[in-house]
Amino acid sequence: MENEKKHLRANNRDEVFADGWKPRDFVFDDKVASVFDDMVSRSVPFYKESQKTALDLAKHFVQSDSNVYDIGCSTGTLLLSFADLVDDDTVKMIGLDNAQPMLDQATHKVAELGRSDQISFKLGSAEDEMGMENASVVFMTYTLQFLRPLMREAVLKQIYDSLRPNGCFVLIEKVLGNDSMFNRMYIDLYYQYKSRVGYSDEEIRNKREALENVLIPYRIDENMELLKRTGFSTSDIFFKWYNWAGIIAVKGES
């Protein structure tokens, strides 16, 4: 797609954790925002494929005169791609993120592609009241894992309450294996993947250290149980690659 080509042309190469990186917790600052599209496409296995699958599934649940939310929208790429799929001007798309540098990138990208009338952005934390309403689709990709575990159920309850009947919630996360042996194996295979896409051992080690106390993954069954407790009675796993998974959940009629 032409939009995707423009997105790629705007990317800078991720070298955030190369020589000169000083140990600290991972933050979505200006430096990360400027290279984020490259970072996520190389750091997340099958990123484009899982995103495309999520969008194709979500399209079946979009309702006219409704809102589509992306919580942790980063640079707005997912909403731009979804706007290309949804031919309905009554559907408004709102990206939420707690990092202003990310929203600056997203706002510029959306304006450049002439989508500002349909896509807007809001600064705020998912752990606070997000003010979501009249939603038919809510995306949360690689975001729940960064929230404090004690806050996750409340955040998912907000999402559930904001959805119309038959609306869907799409969650993509880094996850833990159910067995420690497989979990170690998955992590090793993931680091091998990162080496293949061009990250050095130093970059892999530095990013792992930066994320250690920031990204806290759950097992798939823990995420499914959270969804069930917050009201979702129908859910399924639509993507799985070692320690990465995508889940779709649908709000019932009642």
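Residues numbered from 1 in each chain as written. Predicted model: local features only at pLDDT ≥ 70, side-chain atom pairs only at ≥ 80, totals over all residues. Heavy atoms only, no water.

(A) Expanded view of the nonpolar core. Counting residues in each nonpolar core, the largest one holds 36 residues, and the members touching the most others are Val-68, Phe-82, Met-93, Phe-139 and Val-170. Secondary structure elements with two or more residues in this core: helix H2 (30-43), helix H3 (47-59), helix H4 (77-85), strand E4 (135-141), strand E5 (163-176), helix H7 (180-196), strand E7 (234-241) and strand E8 (244-250). Excluding residues within four positions of it along the chain, Val-68 makes contact with Leu-79, Phe-82, Val-91, Lys-92, Met-93, Ile-94, Ser-136, Val-137 and Phe-139. Within the second largest apolar cluster, 28 residues are counted, among which are Met-132, Leu-144, Leu-147 and Leu-163. (Core = buried A, V, L, I, M, F, W, Y, C linked by side-chain atoms within 4.5 Å. Buried < 20%, exposed > 50% of the residue type's maximum accessible area, 1.4 Å probe, protein only. Helix = DSSP H or I, 4+ residues; strand = E, 2+ residues; numbered from the N terminus. Contact = heavy atoms within 4.5 Å.)

(B) Molecular detail of the environment of Ser-66. Here Ser-66 shows up in the loop between H3 and strand E1 (67-71). Of the residues examined, Ser-66 reaches a relative accessible area of 1% and is grouped as buried. Put simply, Ser-66 and Lys-92 are 26 residues apart on the chain and 6.6 Å apart in space, counted from C-alpha to C-alpha. Setting aside residues up to four positions removed in sequence, Ser-66 forms contacts with Thr-90, Val-91, Lys-92, Asn-134, Ser-136 and Arg-164. Of the polar contacts made by the side chain of Ser-66, one reaches the backbone oxygen of Gln-63; its length is 2.5 Å. In this structure the side chain of Ser-66 is engaged in a polar contact, spanning 2.7 Å, whose partner is the side chain of Ser-136. (Polar contact = N/O pair within 3.5 Å; in protein donor to acceptor, adjacent residues only side chain to side chain.)

(C) Local environment of helix H5 (residues 100-112). Helix length check: H5 (13 residues) gives 18 Å between terminal C-alpha atoms against 18 Å at 1.5 Å per residue, within 8%. Here H5 has its buried residues at Pro-101, Met-102, Leu-103, Ala-106, Lys-109 and Val-110. The positive-phi residue at the C-terminal boundary of H5 is Gly-114, with phi of around 70 degrees. (Expected span 1.5 Å × (residues − 1).)

(D) Summary view of the pattern of salt bridges. Applying the stated criterion across every chain, the model contains 8 salt bridges. Asp-56 serves as the salt-bridge partner of Lys-52, at 2.8 Å between the closest nitrogen and oxygen. In this pair, Lys-52 and Asp-56 both sit in helix H3, 4 residues apart, roughly one turn of the helix. Take Lys-52: its relative accessible area is 44%, and that puts it in the partly exposed class. (Salt bridge = Lys/Arg side-chain N within 4 Å of Asp/Glu carboxyl O.)

(E) Local environment of the packing of aromatic side chains. Summed over the entire model, instances satisfying the criterion amount to 13 aromatic pairs. Through a chain of ring-to-ring contacts, the aromatic side chains of Phe-46, Tyr-47, Tyr-142, Phe-182, Tyr-186, Tyr-190, Tyr-191, Tyr-193, Trp-241, Tyr-242 and Trp-244 assemble into a single cluster. The cationic tip of Arg-152 hangs over the ring face of Tyr-218; the distance from NZ or CZ to the ring centre is 4.4 Å. Geometry around Tyr-160 places Lys-251 over its ring, the cationic atom sitting 4.6 Å from the centre. (Phe/Tyr/Trp six-rings, centres within 6.5 Å; stacked < 30°, edge-to-face > 60°. Lys NZ or Arg CZ within 6 Å of the ring centre and 35° of its normal.)

(F) Local environment of the pairing of E8. With 7 of 7 residues buried, E8 lies mostly within the body of the structure. Both faces of E8 are covered, namely the face carrying Trp-244, Gly-246, Ile-248 and Val-250 and the face carrying Ala-245, Ile-247 and Ala-249. Here E5 runs beside E8; their pairing, made up of 7 bridges, is antiparallel. The residue bridging Glu-173 from the neighbouring strand is Ala-245, located in E8. Across 7 bridges, the pairing between E7 and E8 is antiparallel. Directly across from Phe-239, in E8, lies its bridge partner Gly-246. (Pairing = 2+ DSSP bridges.)

(G) Representation of the side chain of Asn-183 within the structure. Structurally, the position occupied by Asn-183 is in helix H7. In this structure Asn-183 touches Leu-176 and Gly-177, once residues within four positions along its chain are discounted.

(H) Quick look at a nonpolar patch on the surface. On the surface, Met-181, Phe-182 and Met-185 cluster together to form a nonpolar patch covering roughly 270 Å² of accessible area. Along the chain, Met-181 falls in helix H7. (Patch = residues over 30% accessible without salt bridge, like charges linked within 9 Å, V, L, I, M, F, W, Y side chains within 5 Å. Areas by Shrake-Rupley, 256 points an atom, 1.4 Å probe, with all protein chains shown as cover.)

(I) Structural detail: helix H8 (residues 201-211). Buried within H8 we find Glu-203, Ile-204, Asn-206, Lys-207, Ala-210 and Leu-211. For H8, the arc enclosing every buried residue in end-on projection is 170 degrees, short of the 170-degree limit, so these residues lie on one face. (Arc of directions from axis to C-beta.)

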